[in-house]
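The residues making up each chain are set out below.
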Amino acid sequence: MAQDMVVKIGHVGPTSGAIAHLGKDNELGARMAIDELNAKGVMIGGKKAKFELLAEDDAGDPKQGTAAAQKLVDSKVNGVIGHLNSGTSIPASKVYSDAGIPQISPSATNPKFTRNGYKTTFRVVADDVHLGGTLGRYAAKELKGMAIAVIDDRTAYGQGVADEFEKGVKGAGGKLVGREFTNDKATDFTAILTSLKGKKPDVVFFGGMDAVAGPMLRQMKQLGIEAKFVGGDGICSGELPKLAAGTMGDGQVVCAEAGGVEGESKKSLEAFKAKFKEKYKLDVQVYAPYVYDALNVMVAAMVKAGSAEPAKYLPVLAKTEGHKGVTGTISFDNKGDIKNGALTLYTYKGGARSEIAVVR
């Protein structure tokens, strides 16, 4: 009987800190994929593969992110799924590239992530040019924003998506009345919100994560700012209504998630969410299904290459075409970006997310 081979797959996300609920969601998506692959008895190059998950916490911090990346490289992982944030994924990508280890991010949307020319870098979601631009056009045209204000948290993700949102608004003929910034640890936004209130915005865009957006929504309510609140995938979580402590009006928040399925594919995503809930007694936050797909895409390349050695399966991974995942069909372009990435627009009603539309 062929000897089993051990395949080590790294996962990095912020499993501590303000957005730990998102990091844990991602990690559980990876664990689910690993458990299923091991139950299936996957063969790679004539040997039965035993998959092991090496999970690291980067706390959403770039320095901790590169340290986690180096730790995984030193552990001789066969591939890495992560990181969650653009601010950690971008510096970590150099560490993986130097070691020749493939990295697929399930959620880093800053365009720079795949623009460094690294052959090892991939993502399974649309980038901020698509995400921010689409939201900008939507705010100007569909929400009829006559006075649009922009706030960002100065991270690679937040500032990047806010810049693209601004371009989208201007391209659609919308009017920008102010741009403010905060940071990803802030809790008091009185000064910037008071400054914006004088400009009477009817739409406020926030580039950042849900842990900051929640308190911001609470303070907007306290200051009597009635504007629509728009943001990217960072705020588009199941936790947002809790973080906003009941201050969100129905339909007040519009957010976009990078990714989206229509028609038949909806069934496989819904089935995944039901299976996830049954296994972990938790609802999917945002990106667990993308982690699940990213890990399966990586393993499919290993199977096809007949090897889990990074140098051998990397060229096969780069040519991934038409992989049917729970988040849709995955094909990579020559930069490692997903081809024809979709976006899903959501709002919240009665404290629950409700889909508005899938856009490409």
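Scroll up to find the structure this text is about.
Below or above, wherever it landed, is the structure these notes cover. Keep in mind that what you see is a predicted model, and the values were worked out from it rather than measured. (Residues numbered from 1 in each chain as written. Predicted model: local features only at pLDDT ≥ 70, side-chain atom pairs only at ≥ 80, totals over all residues. Heavy atoms only, no water.)

Regarding the pairing of strand β3 (residues 47-57)
Next up, step 1: Note: strand β1 (residues 5-13) against β3, nine bridges, orientation parallel. Bridging from a neighbouring strand, Val12 pairs with Glu56 of β3.
Next up, step 2: Looking at chain direction, strand β2 (residues 43-44) and β3 are connected through two bridges and run antiparallel. Residue pairing in the sheet places Ile44 in a bridge with Lys47 of β3.
Next up, step 3: Counting the residues between successive antiparallel strands, the hairpin from β2 to β3 contains two residues, one of them, Gly45, with a positive phi of roughly 55°. (Pairing = 2+ DSSP bridges. Helix = DSSP H or I, 4+ residues; strand = E, 2+ residues; numbered from the N terminus.)

Quick look at the state of the cysteines
Next up, step 1: Overall, the coordinates contain one disulfide when judged by the stated rule.
Next up, step 2: Here Cys236 pairs with Cys255 through a disulfide, and the sulfurs are 2.1 Å apart. Judged by the torsion about the S-S bond (65°), the Cys236/Cys255 disulfide is right-handed. Of this pair, Cys236 sits in the loop between β10 (228-231) and α8 (240-243) while Cys255 sits in strand β11 (residues 253-258); the two residues are 19 residues apart in sequence, bridging distant segments of the chain.
Next up, step 3: Overall, the relative accessible area of 0% leaves Cys236 in the buried class.
Next up, step 4: Judged by its relative accessible area of 0%, Cys255 is buried. (Disulfide = S-S within 2.5 Å. Buried < 20%, exposed > 50% of the residue type's maximum accessible area, 1.4 Å probe, protein only.)

Considering the pattern of salt bridges
For side chains of opposite charge, pairing can occur when their charged atoms come near one another.
Next up, step 1: Taken as a whole and assessed by the stated rule, the structure comprises 22 salt bridges.
Next up, step 2: Measuring nitrogen to oxygen at the nearest pair gives 2.8 Å for the salt bridge that ties Asp35 to Lys279. Here Asp35 is found in helix α1 (residues 20-40), whereas its partner Lys279 is found in helix α9 (residues 265-280), with 244 residues between them in sequence.
Next up, step 3: Given a relative accessible area of 37%, Asp35 falls into the partly exposed group.
Next up, step 4: Given the relative accessible area of 41%, Lys279 is considered partly exposed.
Next up, step 5: The residue Lys312 makes a salt bridge to Glu309 at a minimum N-O spacing of 3.6 Å.
Next up, step 6: Residue classification places Glu309 among the partly exposed positions, given a relative accessible area of 44%.
Next up, step 7: Through salt bridges with shared partners, a single ionic network connects Asp152, Arg154, Asp163, Glu166, Lys170 and Arg179. (Salt bridge = Lys/Arg side-chain N within 4 Å of Asp/Glu carboxyl O.)

Focus on the side chain of Asp153
Next up, step 1: Looking at where Asp153 falls in the secondary structure, it is placed in the loop between β7 (148-152) and α5 (156-171).
Next up, step 2: The charged side chain of Asp153 is buried without a salt bridge, its nearest counter-charge being Arg154 at 7.3 Å.
Next up, step 3: There is a polar contact of 2.8 Å between the side chain of Asp153 and the side chain of Thr155.
Next up, step 4: When neighbours within four sequence positions are excluded, Asp153 is seen to be in contact with Gly158, Gln159, Thr182, Asn183, Asp184, Phe206, Gly207, Gly208 and Met209. (Lys, Arg positive; Asp, Glu negative; His and termini not counted. Polar contact = N/O pair within 3.5 Å; in protein donor to acceptor, adjacent residues only side chain to side chain. Contact = heavy atoms within 4.5 Å.)

Points about the packing of α9 against helix α10 (residues 288-305)
Next up, step 1: The N-to-C vectors of α9 and α10 enclose an angle of 105°; their axes lie 11 Å apart at closest approach. Taken together, the axes of α9 and α10 are roughly perpendicular relative to one another. Residues Leu269, Phe272, Lys275 and Phe276 of α9 form the contact with α10, whose participating residues are Ala288, Pro289 and Tyr292.
Next up, step 2: Split by residue class, the contact of α9 with α10 holds six nonpolar, no polar and one charged. (Axes fitted to C-alpha atoms, helices over the stretch in contact; angles between N-to-C directions. Parallel < 35°, antiparallel > 145°, perpendicular 65-115°, else oblique. Nonpolar A, V, L, I, M, F, W, Y, C, P; charged D, E, K, R; others polar.)

Brief notes about the packing of aromatic side chains
Next up, step 1: Enumeration according to the criterion identifies seven aromatic pairs in this entry.
Next up, step 2: With a centroid separation of 4.0 Å and 15° between ring planes, the pair formed by Phe165 and Phe205 is classed as stacked. Here Phe205 lies in strand β9 (residues 203-207) and Phe165 lies in helix α5, a separation of 40 residues in the sequence.
Next up, step 3: The class for Phe165 is buried, based on a relative accessible area of 0%.
Next up, step 4: For Phe205, a relative accessible area of 0% puts it in the buried group.
Next up, step 5: Here the aromatic rings of Phe272 and Tyr292 are separated by 4.8 Å at their centres, their planes lie at 55°, and the arrangement is tilted. A residue pair is termed long-range when its members are at least 10 positions apart, and Phe272 in helix α9 and Tyr292 in helix α10 qualify at 20 residues. This pair shows no difference in class: Phe272 is buried, exactly as Tyr292 is.
Next up, step 6: Chaining the aromatic ring pairs together yields one cluster made of Phe272, Phe276, Tyr280 and Tyr292.
Next up, step 7: Of note, Arg154 hangs over the ring of Phe181, and the distance from its end group to the ring centre comes to 4.0 Å. (Phe/Tyr/Trp six-rings, centres within 6.5 Å; stacked < 30°, edge-to-face > 60°. Lys NZ or Arg CZ within 6 Å of the ring centre and 35° of its normal.)

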